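Working through the structure, step by step
If you want the building blocks of each chain, they are given just below.
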Amino acid sequence: AQKVIYQQWVDAIRADVDADELQSFDDIVKVDVDNKPLLKLIHQRLGRCMEPIFFWTNTFVYPDDTDHFPSKRATSAWNLCDSKTVGFSGTDDNRYSLPRPMTQLTQDKEQLRATNGEMIRLVLDCTKSIENLQSGDLQDDRSSSQEEDRPLWKTVLDQCLRLGVHALIDVAGLMAGSDANEIC
């Protein structure tokens, strides 16, 4: 197969390469990978030839990078709970949302037991302010009935603009489902 494939590459450039030059690499058995001048010549002549490019993409690139699956699978802890599952997120804040058959193990190591406190300390040390917002907190010229219908995410963005923040970390997922054109 190697000989046939290489011959197809050579045949594709045969008309464009000097016969004496081509004779030095017209058969795969003549290719010496330790001969740098020969490899340079082969690269010059075959480097833009579509046959080796097609071979490379079809054999190596496409199978690895363009996998298609017949169906989509989505799972959560609820789907995985019938098997022995081990994981570590750093905190135990999701222990109450795990399926009943799953339990969170108490950490044996002192450093791991202190993870919740460490995360709280980091959040408190880095927090400049805390703003509790409701949908109608920012008033403008609209009527109160319009204000009640206003999504909370718009109120959050208005507050961010008012405070001049550089980043919004949307932990609660308030921005999910919002229209990017409306945000920008």
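Higher on the page you've got the structure.
Model, not experiment: these values are computed from the prediction.

A short note on the overall build of the protein chain
Along the backbone of the protein chain there are ten helices and zero strands. Reading the helices (α) and strands (β) of the protein chain from amino to carboxyl end gives α-α-α-α-α-α-α-α-α-α. Residue burial in the protein chain is summarised as follows: out of 184 residues, 18% are buried. Carbon together with sulfur atoms contributes 54% to the accessible area of the protein chain, which is approximately 15,300 Å² in total.

Digging into the pattern of salt bridges
If you walk through the whole model with that rule in mind, you get five salt bridges. Residue D11 is joined to R14 by a salt bridge in which the shortest nitrogen-to-oxygen separation is 3.0 Å. Using a relative accessible area of 37% as the deciding quantity, one classes R14 as partly exposed. A salt bridge links D125 to R121, with the shortest nitrogen-to-oxygen separation between them at 2.7 Å. With a gap of four residues between them, D125 and R121 both fall in helix 7 (residues 115–126), about one helical turn apart. Owing to a relative accessible area of 54%, D125 belongs among the exposed residues under this scheme.

Section: the environment of P52
Structurally, the position occupied by P52 is in helix 4 (residues 50–65). The exposure class of P52 is buried, given its relative accessible area of 13%. Through-space distance from the C-alpha of P52 to that of Y6 is 8.3 Å; in sequence the pair is 46 residues apart. For P52, the residues in contact, after removing those within four places along its chain, are W9 and L46.

The rules behind each value
- Residues numbered from 1 in each chain as written.
- Predicted model: local features only at pLDDT ≥ 70, side-chain atom pairs only at ≥ 80, totals over all residues.
- Heavy atoms only, no water.
- Helix = DSSP H or I, 4+ residues; strand = E, 2+ residues; numbered from the N terminus.
- Buried < 20%, exposed > 50% of the residue type's maximum accessible area, 1.4 Å probe, protein only.
- Areas by Shrake-Rupley, 256 points an atom, 1.4 Å probe, with all protein chains shown as cover.
- Salt bridge = Lys/Arg side-chain N within 4 Å of Asp/Glu carboxyl O.
- Contact = heavy atoms within 4.5 Å.

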